[in-house]
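# Secondary and tertiary structure notes
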Amino acid sequence: IRHSARARHLGLWVSADAGLVLTVPRGSAEGEVQAFLARHARWIFRQLDWLGRHHGHPRSWPYGPTFPFAGEAHRMIIRQGLASEVRRTEARELLLTMRHPTIEGAKRLLTRWLKAQATQVLGERTRERGARMGLAARRIYVRNLKRRWGSCWPGGSLSFSYRLVMAPPRI
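First, a word on scope: everything that follows refers to the structure included in this document. (Residues numbered from 1 in each chain as written. Predicted model: local features only at pLDDT ≥ 70, side-chain atom pairs only at ≥ 80, totals over all residues. Heavy atoms only, no water.)

### Structural notes on the packing of aromatic side chains
Selection criterion: For Phe, Tyr and Trp, rings pair up if their centres lie within 6.5 Å, where Trp contributes its six-membered ring, and each pair is then called stacked (planes under 30 degrees apart), edge-to-face (over 60) or tilted (otherwise). We count a stretch as a helix when DSSP gives it H or I for four or more residues in a row; a strand needs E for two or more, and each element gets its number in order from the N terminus. Burial classes: relative accessible area under 20% of the type maximum marks a residue as buried, over 50% as exposed, and values in between as partly exposed (1.4 Å probe, protein chains only).
Considering all chains together, one arrives at one aromatic pair under this definition. Measuring from centroid to centroid gives 4.9 Å for F69 and W113, while their planes differ by 45°, and the two rings are tilted. Here F69 is found in strand β4 (residues 66-69), whereas its partner W113 is found in helix α3 (residues 103-133), with 44 residues between them in sequence. Summarising the burial analysis for this pair, F69 and W113 share the class buried.

### Here we look at the nonpolar core
Among soluble globular proteins, nonpolar side chains are generally buried collectively. Formally: Think of a nonpolar core as a cluster: buried Ala, Val, Leu, Ile, Met, Phe, Trp, Tyr and Cys residues, connected wherever their side-chain atoms sit within 4.5 Å.
Formed by 19 residues in total, the largest nonpolar core has its most connected members in L94, L96, L110, W113 and L114. When contributions to this core are tallied by element, the ones reaching two or more residues are β4, β7 (93-98) and α3. With seven residues, α3 is the largest single contributor of residues to this core. Within the second largest apolar cluster, seven residues are counted, among which are L22, V24, F36 and I44.

### A few points about the pattern of salt bridges
Spelled out, the test is: Within this document, salt bridges are pairs made up of a side-chain nitrogen of Lys or Arg and a carboxyl oxygen of Asp or Glu, the two lying within 4 Å of each other.
Tallied over the entire structure, the rule returns five salt bridges. Here R75 and E93 are joined by a salt bridge, their closest N and O atoms 2.7 Å apart. You can see R75 sitting in strand β5 (residues 72-80) and its partner E93 sitting in strand β7, a full 18 residues away along the chain. Classification of R75 by relative accessible area gives partly exposed; the value is 46%.

### As for the layout of surface pockets
Let me state the cut-off plainly: Grid points spaced at 1 Å over the protein atoms alone were grouped into cavities, where a 1.4 Å probe fits but cannot get out, and pockets, open sets with protein on both sides within 12 Å along at least five of seven lines, with lining residues defined by an atom within 4 Å of a point. Grid points are joined across faces, edges and corners, and a volume is the space filled by probe spheres set on the points.
If you add up the space inside the largest pocket, you get close to 560 Å³. Lining the largest pocket we find 22 residues, and of these L122, R125, T126, R129 and F160 sit closest to its centre. For the lining of the largest pocket, the secondary-structure elements that each account for two or more residues are α3 and β10 (157-161). The dominant element in the lining of the largest pocket, judged by the number of residues it contributes, is α3, at eight residues. Taken as a whole, the second largest pocket spans an internal volume of roughly 430 Å³. Taken together, 16 residues line the second largest pocket, and the ones lying closest to its centre are H3, H100, T102, G105 and R108.

### Thoughts on the sheet that holds β7
The criterion, for reference: Pairing between two strands is assigned when DSSP locates at least 2 bridges connecting them. Here an angle of 0 to 180 degrees is reported between the N-to-C directions of two axes, which are lines fitted to C-alpha atoms, with helices fitted over the stretch in contact. We call two residues in contact when some of their heavy atoms are within 4.5 Å.
Spatial ordering of the open sheet is given by β4-β5-β7-β6, a layout of four strands whose pairing is mixed. At either margin of the open sheet sits one strand with a lone partner, and together these are β4 and β6 (85-88). Shown here is a sheet whose adjacent strand axes are inclined to one another by a mean of 35°, direction ignored. The pairing of β6 with β7 spans four bridges and is antiparallel. In the strand pairing of β7, V86 is matched with L96. Strand contacts of α3: β4, β5, β6 and β7, with the helix running at about 120° to β7, the strand carrying the most contacts.

This is the structure in structure tokens:
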């Protein structure tokens, strides 16, 4: 169930990673949601049957039981709290705290946190390596690159994939 402040209507969709997702606009009455599900029950069961036959049962956390950060496997813990934050513990845990915990929200929060970590780590490492070579990057971008780890531009800008912080520091 995904509560949305922007949604205007109840909605359903199915994916191999998330399973069945029900989007509920804020302020929807419980009776309205139940009636919607009852009206679409046949479609829901057909979709879940197809999903089970072709993709197996949906996983609750699409990344598996652990998540790599700085070359170490971390256990993911998603919990409810007042503020959205990610905290890394000494016990190799990533604690994701959100007001309304959902898998989709956790993925977005984790991605934002990884980008912030990558910006800090890659910025420091780039300045350090550049100083050794007598060079300085004009600008450092941390992006969601899907086909490469990074690239450099003629004007002195560097672009890195935020996923680099998931690898061991020597990488």
